[in-house]
Amino acid sequence: MSHNSEISRAEQRRLAVASATLGPWRAAAAVGGLGGGVALALGAISDGVGLGLVAGSLSVGLMLFFMVGGAGAVLGGRPATGDPSDRRIRRWAAAHPWRVAVVPGALMAATDVVVHQALTSQGFFSGVWDSLWRGLLVTGVVGLVGRFSHRKG
């Protein structure tokens, strides 16, 4: 878009974060909680409960949380309020799904590092590596949903 060059990089980052906040985060929390609980239950049945299983289940829950919330943000939908700025932000998000997708992906990676460092004896760099690929997976899913979901016209 030609008008995109008029927006500074800092403003684009602020728009991406604002867009991500408009996602369906309550529904995302429900999906993430359910998915993490199922992962914990299945792991407990097969391996027993331990901190590694809890950390892995939290990672599953976080990935689902950020995927659903991020995908909802790029999909748009009806604004919760009649605020015209929400509509403008949603239009910007629809036009720039990959920039919006980076926000939940980065948050996924950051929270996953914290979870694994707090709950497991995994080394820092291997924990960062694992968290980065999970964050990239979230970014990819959210970006693809946004890229292929919007109708032209």
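Residues numbered from 1 in each chain as written. Predicted model: local features only at pLDDT ≥ 70, side-chain atom pairs only at ≥ 80, totals over all residues. Heavy atoms only, no water.

(A) Broad picture of the pattern of salt bridges. By the definition in use, this model includes two salt bridges. The partner of Glu 11 in a salt bridge is Arg 14, with the nearest N and O atoms 2.9 Å apart. Of the two residues, Glu 11 and Arg 14 both sit in helix 1 (residues 9-21), three residues apart, roughly one turn of that helix. Judged by relative accessible area, which is 31%, Glu 11 ranks as partly exposed. Among the salt bridges present, the one from Asp 112 reaches Arg 134, with a minimum N-O distance of 2.9 Å. Of this pair, Asp 112 sits in helix 5 (residues 97-119) while Arg 134 sits in helix 6 (residues 124-149), placing them 22 residues apart in sequence. For Asp 112, a relative accessible area of 0% gives the class buried. (Salt bridge = Lys/Arg side-chain N within 4 Å of Asp/Glu carboxyl O. Helix = DSSP H or I, 4+ residues; strand = E, 2+ residues; numbered from the N terminus. Buried < 20%, exposed > 50% of the residue type's maximum accessible area, 1.4 Å probe, protein only.)

(B) Layout of the environment of Phe 65. Along the polypeptide, Phe 65 turns up in helix 3 (residues 51-75). Ignoring anything within four residues of it in the chain, the contact list for Phe 65 reads Trp 25, Ala 28, Ala 29 and Gly 32. (Contact = heavy atoms within 4.5 Å.)

(C) Region of interest: the packing of helix 3 against helix 5. In the contact formed by helix 3 and helix 5, the axes pass within 9 Å of each other and the chain directions differ by 165°. The orientation of helix 3 relative to helix 5 falls into the category roughly antiparallel. For the pair helix 3 and helix 5, the crossing hand works out as right-handed. Of the residues in helix 5, those touching helix 3 at Leu 51, Val 54, Ala 55, Gly 56, Leu 58, Ser 59, Leu 62, Met 63, Phe 66, Gly 70, Ala 73 and Val 74 are Pro 97, Val 100, Pro 104, Leu 107, Met 108, Thr 111, Asp 112, Val 115, His 116 and Leu 119. (Axes fitted to C-alpha atoms, helices over the stretch in contact; angles between N-to-C directions. Parallel < 35°, antiparallel > 145°, perpendicular 65-115°, else oblique. Left-handed = near helix turned anticlockwise from the far one by under 90°.)

(D) Fine view of helix 3. Taking 1.5 Å of rise per residue, 25 residues should cover 36 Å, and helix 3 covers 36 Å from first to last C-alpha, within 8% of that figure. Gly 76 sits one or two residues past helix 3 and shows a positive phi near 85°. (Expected span 1.5 Å × (residues − 1).)

(E) Region of the structure containing the packing of aromatic side chains. Applying the stated rule across the entire model yields four aromatic pairs. Centre to centre, the rings of Trp 25 and Phe 65 are 5.0 Å apart; their planes meet at 50°, and the pair counts as tilted. Here Trp 25, found in helix 2 (residues 25-47), pairs with Phe 65, found in helix 3; they are 40 residues apart in sequence, far enough to count as distant. You can call Trp 25 partly exposed: its relative accessible area is 22%. Of the residues examined, Phe 65 reaches a relative accessible area of 22% and is grouped as partly exposed. Clustering of aromatic rings is evident, with ring pairs tying together Trp 25, Phe 65 and Phe 66. Geometry around Phe 148 places Arg 147 over its ring, the cationic atom sitting 5.1 Å from the centre. (Phe/Tyr/Trp six-rings, centres within 6.5 Å; stacked < 30°, edge-to-face > 60°. Lys NZ or Arg CZ within 6 Å of the ring centre and 35° of its normal.)

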